[in-house]
Amino acid sequence: MEAHAVNPWVAVLYLVAGVCFILALRGLSSPATSRKGNRYGMIGMGIAVVTTLVTHEIASLPEILVAIAIGGGIGFVIARRIQMTAMPQLVAAFHSLVGLAAVLVAIAAFLNPEAFGILGAGGSIPPVSRVEMALGAAIGAITFSGSVIAFAKLNGNMSGSPILLPGRHVINLATLAAILVLTTLFAHSGAAGPGENPLFWVLVGLAFAIGFLLIIPIGGADMPVVVSMLNSYSGWAAAAMGFTLHNTAMIITGALVGSSGAILSYIMCKAMNRSFLSVIAGGFGAESSAGSGEAREQRPWKRGSAEDAAFLMKEAESVIIIPGYGMAVAQAQHVLREMGDQLKAHGVSVKYAIHPVAGRMPGHMNVLLAEANVPYDEVFELEDINGEFAQADVAFIIGANDVVNPAAKTDKSSPIYGMPVFDVDKAKTIFFIKRSMGGQGYAGVDNDVFYMDQTMMLLADAKKMVEDINKALAD
Amino acid sequence: MDFVSILSIFVMACFVGYYVVWSVTPALHTPLMAVTNAISSVIVVGALVASAASGSPVAKWLGLGAVVLASVNIFGGFAVTERMLAMYKKKDKSSAKRGKH
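These numbers come from a predicted model, not from an experiment.

Q: So what about the overall build of chain A? Which residues, and what values?
A: Along its length, chain A carries 18 helices and six strands. Dimensions of chain A along its principal axes, counting C-alpha atoms only, are 80 × 50 × 35 Å. Taken over 475 residues, chain A has a buried fraction of 58%. The positive charge centre, built from 29 side chains, and the negative charge centre, built from 35, are 1 Å apart in chain A.

Below is the structure:
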């Protein structure tokens, strides 16, 4: 039990590391304090790692340092090179690594419980530790395989549309139940020595499978919820291993990350007016697009040109820009900021309006605009700006669709009914950049905004169109 | 430490997490995910314990594998967060830096 009977200073140091992590998140309450917060996070991690290395008898320091150097080097290079538009994929990939690391640590604890201080009298692992270990491994495995699928969907290695297996709810619930039953059996089984019980391996295998099964039916636009949820799981996995190791830094961090992911999932679900369960059940976008296809009718709409847009926006007093995932796909954030600059030079007030679920992860649009040097005090959240559309001369929609669909307010039969949306229909003029009239947005619903009197459709690639507007503005 | 005191720390930390995370501005939700990702790699503590111990060579190599994975996350997570946060600028600052490229 030596790892538990530790020097009290060691426990204090882990606690300090935990507090640093709390301060790291606290710093994110405003962009001004955020970088200081991030430093606290690094300090906390440094304290945790050094404390562990100093207080354990280490048989293999060179190997450990090489491992840190390899991993650190890879991580650092990726972080430098990654494009901001690829941030959702990157975060999903990082989640999968935490998940896999948790599984490896749990297996190592299972094989060598003495090192973790969980080898009880008589050479067996106590039931409580077995439960913690099993949960840590299971949550880690779900995080890993779920994140791999989320990564593949976000990165385009796999189609973003939901894959629906027949009877998937039964399969999923049965697998989850099996994991819980196995955990109980594992805890109470007689074979409890290091590496002895085969139930543990079955449990880990099932957990890998359920992570995969849970994420494949969920479609691309629900990814903000999925990424947040996996974020949460990676925290719970760390917390479970913290219980095994009786380590306060891991427990505090696990709880922080777990609640963070859970809150983000909640915010995302609320912004789509959907329950968490309906997102997790999956299949959104697959059924509804089939339904609306036949009901679609030809309605008149107006096509605008880059010159029209440039002329009208130059004369406007205020323009509100609504970016969506299409802007990220087209990498149009830089040209969009140039357009904003030109308009401001003409004395136009320019604001950006961001819906909570715009993009593929929470805050995705904000990062892209920040990358393009848009000052963050020109960027507004839904509830802060929605009242301003009535006074706005122009609503400029680029790569968004469902988040401006008035059907969410009026049409009870619409799959997006109840979702909070921007009141763009109140603006005097609407420019809607869209690749073609064919696409229907993610939810597969027609959008009345296309056909409004004040709407001009700008049909082109988003980046190309904004470049043309910039040229026209400069003339 | 006994199970109950550990559980108490955990429950308290969940509440702290709840209030701290609600105070995060929505504009910084992506950096929030990146930094929570980096700090959840504190699992590296478990990985170090496993790889430091003698006894089971398999456990040691699994531990070293976990150290590599967690290190990718620690360095990658903090670096990418830093990179993102450096982009968030206020109006006055960015107007000085503004220019065509």
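On we go from here.
Q: Give me the interface of chain A and chain B: which residues, what numbers.
A: If you look at the interface, chain A gives 108 residues, while chain B gives 82 residues. A combined buried area of about 8600 Å² lies between chain A and chain B, and 76% of that area is made up of carbon and sulfur atoms. Linking chain A to chain B there are three salt bridges. Its residues assigned to classes, the side of chain A that touches chain B comprises 65 nonpolar, 27 polar and 16 charged.

Q: Explain the packing of helix H8 (residues 223-245) of chain A against helix H9 (residues 248-271) of chain A to me, using residue names and the numbers behind them.
A: Residue and element names in this part refer to chain A. The N-to-C vectors of H8 and H9 enclose an angle of 160 degrees; their axes lie 7 Å apart at closest approach. Regarding the angle of H8 to H9, the classification is roughly antiparallel. Crossing hand, H8 versus H9: left-handed. Of the residues that constitute the contact of H8 with H9, the class distribution is 17 nonpolar, twelve polar and no charged.

Q: How would you explain the nonpolar core if you had to name every residue and give the values?
A: Residues and elements named next belong to chain A. Counting 199 residues, the largest nonpolar core has Ile 322, Phe 396 and Ile 469 as the members making the most contacts within it. For this core, the leading source of residues is helix H4 (residues 87-111), giving 16 residues. Aside from chain neighbours lying at most four places away, what touches Ile 469 is Ala 306, Ala 309, Ala 310, Met 313, Met 339, Phe 396 and Leu 458.

Q: Can you break down the pairing of strand S4 (residues 394-398) of chain A residue by residue, with the values?
A: All names here are of chain A. The element S4 is extensively covered by neighbouring structure, given that five of its five residues are classed as buried. By the alternation rule, side chains of S4 split into Val 394, Phe 396 and Ile 398 and Ala 395 and Ile 397, which are all buried. Relative to S4, strand S1 (residues 318-323) is paired through five bridges, and the arrangement is parallel. Considered in S4, the bridge of Ile 321 is made with Phe 396. In the sheet, S4 pairs with strand S5 (residues 429-434) via five bridges, with the strands oriented parallel. Bridge pairing links Ile 398 to Ile 433 in S5.

Q: Can you tell me about the pattern of salt bridges, naming the residues and giving the values?
A: All names here are of chain A. One pass over the structure, following the stated rule, counts 16 salt bridges over all chains. Between Arg 337 and Asp 341 there is a salt bridge, and its shortest N-O distance comes to 2.7 Å. Taken as a pair, Arg 337 and Asp 341 lie in helix H14 (residues 333-345) at a separation of four residues, close to a single helical turn. Just as Arg 337 is buried, Asp 341 falls in that class too. Here Lys 409 makes a salt bridge to Asp 423, at a shortest N to O gap of 2.6 Å. Of the two residues, Lys 409 is situated in helix H17 (residues 407-410) and Asp 423 in the loop between H17 and S5; the sequence distance between them amounts to 14 residues. Overall, the relative accessible area of 12% leaves Asp 423 in the buried class. A cluster of three or more residues bridged by salt bridges with shared partners is formed by Arg 337, Asp 341, Lys 344 and Glu 378.

Q: Which residues make up the environment of Glu381(A), and what values do they have?
A: Structurally, the position occupied by Glu381(A) is in strand S3 (residues 379-381). Placed 29 residues apart in sequence, Glu381(A) and Tyr352(A) show a C-alpha to C-alpha distance of 8.6 Å.

Q: How would you sum up the packing of aromatic side chains? Please name residues and give values.
A: Residues and elements named next belong to chain A. The final tally for this structure, using the stated rule, is 15 aromatic pairs over all chains. Three or more aromatic residues joined by ring pairs make a cluster, and in this case those are Phe 110, Phe 186, Phe 200 and Trp 201. Looking at Lys 351, its charged tip hangs above the ring of Phe 380, at a distance of 5.3 Å from the centre. Between Arg 360 and the ring centre of Tyr 325, over which it is positioned, the NZ or CZ distance is 3.7 Å.

Q: Please give an account of the sheet that holds strand S6 (residues 455-459) of chain A that cites residues and values.
A: Residue and element names in this part refer to chain A. Sheet architecture is open: six strands sit in the order S3-S2-S1-S4-S5-S6, paired in parallel fashion. Edge positions in the open sheet fall to S3 and S6, since each of these has one partner strand only. With direction set aside, neighbouring strand axes in the sheet form an average angle of 25 degrees.

Q: An account of the pairing of S6(A) is requested, with residue identities and associated values reported.
A: Two faces belong to every sheet, and in a regular strand the side chains alternate between them. Residues and elements named next belong to chain A. Where burial is concerned, most of S6 is hidden: five out of the five residues are buried. Neither face of S6 is open: one carries Thr 455, Met 457 and Leu 459, the other Met 456 and Leu 458, and all of them are buried. In the sheet, S5 pairs with S6 via five bridges, with the strands oriented parallel. Looking across to S6, one finds that Ile 433 is bridged to Leu 458.

Q: Tell me about the environment of Ile321(A), residues and numbers included.
A: All names here are of chain A. Structurally, Ile 321 is set in strand S1. Note on Ile 321: relative accessible area 0%, which makes it buried. Sequence separation between Ile 321 and Ile 354 is 33 residues, and the spatial gap between their C-alpha atoms is 8.7 Å. Apart from residues no more than four positions distant in its own chain, Ile 321 is found in contact with Leu 336, Met 339, Val 350, Lys 351, Tyr 352, Ala 353, Phe 396 and Ile 398.

Reading the values: the criteria
- Residues numbered from 1 in each chain as written.
- Chains lettered and ligands numbered in written order.
- Predicted model: local features only at pLDDT ≥ 70, side-chain atom pairs only at ≥ 80, totals over all residues.
- Heavy atoms only, no water.
- Helix = DSSP H or I, 4+ residues; strand = E, 2+ residues; numbered from the N terminus.
- Buried < 20%, exposed > 50% of the residue type's maximum accessible area, 1.4 Å probe, protein only.
- Lys, Arg positive; Asp, Glu negative; His and termini not counted.
- Charge placed at Lys NZ, Arg CZ, Asp CG, Glu CD.
- Contact = heavy atoms within 4.5 Å.
- Buried area = accessible area lost by both parts, 1.4 Å probe.
- Salt bridge = Lys/Arg side-chain N within 4 Å of Asp/Glu carboxyl O.
- Nonpolar A, V, L, I, M, F, W, Y, C, P; charged D, E, K, R; others polar.
- Axes fitted to C-alpha atoms, helices over the stretch in contact; angles between N-to-C directions.
- Parallel < 35°, antiparallel > 145°, perpendicular 65-115°, else oblique.
- Left-handed = near helix turned anticlockwise from the far one by under 90°.
- Core = buried A, V, L, I, M, F, W, Y, C linked by side-chain atoms within 4.5 Å.
- Pairing = 2+ DSSP bridges.
- Phe/Tyr/Trp six-rings, centres within 6.5 Å; stacked < 30°, edge-to-face > 60°.
- Lys NZ or Arg CZ within 6 Å of the ring centre and 35° of its normal.

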